[in-house]
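What follows is the residue order along each chain.
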Amino acid sequence: MATFAAVCAPRRRWLLGATALLLCAGLPLAARAASPVDLALVLAVDASGSVSEARFELQKQGYAAAFRDPRVLAAIRGGSSQSIAVTMFQWTGPRLQVQVVPWMLIKDEASAEAFAIAIEAAPRRLFGGGTSISGAIDYARLLLAQAPYEPARRVIDVSGDGSNNAGRPVTLARDEAVRAGIGINGLPILTVEPDLDRYYRDFVIGGPGAFMVPATSYETFAQAIIKKLINEIAANDSGVLRR
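Residues numbered from 1 in each chain as written. Predicted model: local features only at pLDDT ≥ 70, side-chain atom pairs only at ≥ 80, totals over all residues. Heavy atoms only, no water.

**Here we look at helix α4 (residues 70-77)**
The set of residues buried in α4 consists of V72, L73, A75 and I76. Viewed along the axis of α4, the buried residues span an arc of 155 degrees, placing them on a single side of the element. With respect to the buried face of α4, the exposed residues turned more than 90 degrees away are P70 and R71. Contacts from the buried residues of α4 go to α3 (53-68), β3 (84-91), β4 (97-106), α5 (109-121) and α9 (221-234). Residue D69 occupies the N-cap position of α4, its side-chain oxygen lying 2.8 Å from the main-chain nitrogen of R71. (Buried < 20%, exposed > 50% of the residue type's maximum accessible area, 1.4 Å probe, protein only. Helix = DSSP H or I, 4+ residues; strand = E, 2+ residues; numbered from the N terminus. Arc of directions from axis to C-beta. Contact = heavy atoms within 4.5 Å. Polar contact = N/O pair within 3.5 Å; in protein donor to acceptor, adjacent residues only side chain to side chain.)

Shown next, in the form of C-alpha cells:
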C-alpha cells in the first residue's frame, strides 16, 4: 500500500509549482527578466535657486526637443540592441532630489515621443536649497541601481548653472561613481558662472570617454543637449570636450 507521503508528494509538487507561477505572474515584468539596452542614462536637471521659472522651462523644452530630434533616434538605432533606458530627476541641495520621469525604454519614434511628452508634463518640484552636484551624483547612482534593465553602459548626465556649494566634495561623489563603472558627463550652463565649463571638466565629469558640452546660455541649451545626447548615446569621440 502506498504511504501517505508518497500519495501526497505529487500534489505538493503541483501546489509548489502553481504557487511559483502565481508569484511570478504577480511580479512586475522588470523583476522577471531585465531587458538588455545599450545605455542606461540618468538626466539630472538643475532646479536650484539660480534657475528662474523661465530658465527651467527652457531646460524642459530643450530636453523634450532633443528626444524628438531624428538624429538622436538615429543614434539610438545605431546601437547593438537599438534601445536605451532613460530617467530624469530634478536636484538642488544634498538631500533634495526628485525623480520626475520614471525609467522608460526608448527604441523607436513612438517611445521617444512618449518620453518627450513625459518631460513636458513633469512639473517643477524643487525651487532652491543650494547646488549640490555631489548629491545629484549620489542620487543618480541609486536610480541606476534600481533600473529594470541590463545596460551595456551606465551614464549620469548632469546639467546645471553653478558649481558645487553644498554637501560633500563633488570629487568624492564623482570618483565613487567612476569606480562603480558609471560615467559622468556634463552640460554646464555658463549664464551665471562663465568659467563653469572648466569647473565641470576638472571636478565633475569622469570615467572613460567622459565629456561635456557647455551651453553659453539657457537660450542655447536645446542645441547643446541635442549634441550631447547624440555623443552620449553613440559614444562618439568627435566634437566634444573631454576630461
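Further notes follow.
**Some words on the pairing of strand β2 (residues 39-46)**
Along β2, eight of the eight residues are buried, which leaves the element largely enclosed by surrounding structure. Because side chains alternate across β2, one face comprises the buried residues L39, L41, L43 and V45, and the other comprises A40, V42, A44 and D46, equally buried. Pairing analysis gives eight bridges linking β2 to β3, with the strands arranged parallel. Among the inter-strand pairings, L41 is bridged to a residue of β3, identified as V86. Taken together, the six bridges between β2 and strand β6 (residues 154-160) define a ladder with parallel strand orientation. By the bridge assignment for β6, L43 is matched with D157. (Pairing = 2+ DSSP bridges.)

**A look at the confidence of the model for the protein**
Of the residues in the protein, 83% reach a pLDDT of 70 or more, and the chain-wide mean stands at 87. For the stretch residues 1-32, pLDDT sits under 50, and the model shows six contacts to residues farther than four places along the chain or on other chains. In the predicted structure, residues 236-243 sits below a pLDDT of 50 and forms 23 contacts with residues beyond four places in sequence or in another chain. (pLDDT = per-residue confidence, 0-100.)

**Quick look at the environment of D138**
By the element assignment, D138 lies in helix α6 (residues 133-146). Accessibility expressed as a relative area gives 25% for D138, which makes it partly exposed. Separated by 38 residues in the primary sequence, D138 and E176 have C-alpha atoms spaced 8.9 Å apart. Excluding residues that lie within four positions of it along the chain, D138 makes contacts with R168 and A173.

**Let's talk about the packing of α3 against α9**
Packing of α3 against α9 brings their axes to within 8 Å, and their N-to-C directions diverge by 40 degrees. The angle between α3 and α9 places the two elements in the oblique class. Relative to α9, the crossing made by α3 is right-handed. Contacts between α3 and α9 pair L58, Q59, G62, Y63, A66 and F67 from the former with F221, A222, I225, I226 and L229 from the latter. Class assignment for the residues of the contact of α3 with α9 results in nine nonpolar, two polar and no charged. (Axes fitted to C-alpha atoms, helices over the stretch in contact; angles between N-to-C directions. Parallel < 35°, antiparallel > 145°, perpendicular 65-115°, else oblique. Left-handed = near helix turned anticlockwise from the far one by under 90°. Nonpolar A, V, L, I, M, F, W, Y, C, P; charged D, E, K, R; others polar.)

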